Amino acid sequence: MKYKTLIALMLVSLIFTACSSTGNTAAATQETVPTVMADNRIIAEGRLEPVHYAEIAFSAGGVVNEVLVEEGQQVEKGQPLVRLGNSESARASVAQAQEALIMAERAFSSAQADALKNLGDAYEAVRVAQLNLDNYDIPSYLEGGTPAEGVTKMYAELETARQNYEPYRYQGENDQTRKEYKKRLEDARDRFNRAIRWAKLEAELAQAQSELDSAQAEFTSAAGSNDKSLAQARYETAQANLLAAQAGLGNVELVAPFDGTVAELNVKEGTSINPGEIAIRVADFSSWIVTTTDLTEIDVVNLAEKQPATVTLDAIPV
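Conventions we followed
Residues numbered from 1 in each chain as written. Predicted model: local features only at pLDDT ≥ 70, side-chain atom pairs only at ≥ 80, totals over all residues. Heavy atoms only, no water. Helix = DSSP H or I, 4+ residues; strand = E, 2+ residues; numbered from the N terminus. Buried < 20%, exposed > 50% of the residue type's maximum accessible area, 1.4 Å probe, protein only. Contact = heavy atoms within 4.5 Å. 1 Å grid on protein atoms, 1.4 Å probe; cavity = no way out; pocket = protein on both sides within 12 Å on 5 of 7 lines; lining within 4 Å. Points joined across faces, edges and corners; volume = space filled by probe spheres on them. Nonpolar A, V, L, I, M, F, W, Y, C, P; charged D, E, K, R; others polar. pLDDT = per-residue confidence, 0-100. Lys, Arg positive; Asp, Glu negative; His and termini not counted. Salt bridge = Lys/Arg side-chain N within 4 Å of Asp/Glu carboxyl O. Patch = residues over 30% accessible without salt bridge, like charges linked within 9 Å, V, L, I, M, F, W, Y side chains within 5 Å. Areas by Shrake-Rupley, 256 points an atom, 1.4 Å probe, with all protein chains shown as cover. Pairing = 2+ DSSP bridges.

## Brief notes about the overall build of the chain
- Along its length, the chain carries 6 helices and 8 strands.
- Within the chain, buried positions represent 23% of all 318 residues.
- By sequence separation, contacts in the chain at least 24 residues apart represent 78% of the contacts at least 6 residues apart.

What follows is the structure in structure tokens.
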């Protein structure tokens, strides 16, 4: 009887164990496993810099005479920043060169205007000379030859007529032979004068054309051709002198290359500075750029232009 009771208790225990095991399994299958999201962020270290900045240095050494700005000060393009001790004479040289250039430019402009006027006058002279020649009726006895040949021919006829008239010159005015030879002399003189007139018109046209060629060359020279006029040569010399004076001033005076802010000042009045040593840094803080060498080739293919980015600065804690 005890044996049967023990077996019954063991069966009841197994039944409860099985039920308990089944319940635990069902509870386990109902638990939610959290989803692990991949981190697709690209992280790189870099340096924040203004897009536009300049490191300015003297090309010649010397003692700093004037520091005209302070760190953090706003400056405009061309504004003087730092000067060395010998800058006064350099500024005077620039001022003199600028004045000389203004004078040379005025003279050059005047030369161009004069050259243009002379060219117009020369064209008008050619027009008038050509018109006068066109309106001249060449006599039939002068046709078939040049004006010079006509003058030579008519001069020979005039001399022959004069010689023929000479023996009868002192005869009475009513002498028929004298009248005939005098008439021939007057006709020869008239033909000679007409030949002279033709030659003169041709010469005036040739002279006008020659003056036109000279005026054209003068105008071309004043306008800047290879054959330079004196005024243009002086103007270009003045330009070169101004550039040289400005270069000399640049050796002893630093100016702002653009509108911006004095980001760093490395000089003080009375101290020496060497050629090429950075004296001042000027930056435009209106736009910035992040430069980095920490971006791998694997990551760079996942970037695109105008893609949003988050920038965290070490100097400004989040």
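## Focus on the layout of surface pockets
- Counted as a void, the largest pocket has a volume near 1000 Å³.
- If you trace the largest pocket, you find 21 residues lining it, with Ile42, Ala44, Ala309, Thr310 and Val311 closest to the centre.
- In terms of residue class, the lining of the largest pocket is built from 12 nonpolar, 5 polar and 4 charged.

## Side note on the confidence of the model for the chain
- Per-residue confidence for the chain gives a mean pLDDT of 78; residues scoring 70 or more make up 76%.
- Ranking the helices and strands of the chain by mean pLDDT puts helix H3 (residues 147-165) first, with 93, and helix H1 (residues 2-29) last, with 44.
- Across residues 1-27 the pLDDT falls below 50, and counting only partners more than four positions away or on other chains, this stretch makes 0 contacts in the model.

## Some details on the side chain of Arg178
- Examined against the element boundaries, Arg178 turns out to sit in helix H4 (residues 176-222).
- At 5.6 Å, Glu173 is the nearest oppositely charged side chain to Arg178, a buried residue that forms no salt bridge.
- Here Arg178 is in contact with Tyr165, Tyr168, Arg169, Gln171, Gly172 and Glu173, once residues within four sequence places are set aside.

## Things to note about a nonpolar patch on the surface
- On the surface, a cluster of nonpolar side chains totalling about 520 Å² of accessible area is made up of Leu48, Phe285, Trp288, Val290, Val311 and Leu313.
- The element best represented in the nonpolar patch is strand S8 (residues 278-291), accounting for 3 residues.
- Topologically, Leu313 is positioned in the segment after helix H6 (297-300).
- Taking relative accessible area as the criterion, Leu313 reaches 32% and is therefore assigned partly exposed.

## Quick word on the sheet that holds strand S4 (residues 80-84)
- The strand order S5-S4-S2-S7 describes an open sheet built from 4 strands, whose pairing is antiparallel. Each of the sheet's edge strands pairs with one partner strand only, and the pair in question is strand S5 (253-255) and strand S7 (272-273).

## Quick notes on the pattern of salt bridges
- Under the criterion given, the structure shown has 9 salt bridges.
- Across the pair Arg83 and Glu66 runs a salt bridge, and its minimum N-O distance is 3.3 Å. On the criterion of sequence distance, the pair formed by Arg83 in strand S4 and Glu66 in strand S2 (residues 62-67) is long-range, its members being 17 residues apart.
- Arg83 sits in the buried class, given a relative accessible area of 14%.
- For Glu66, a relative accessible area of 25% corresponds to the partly exposed category.

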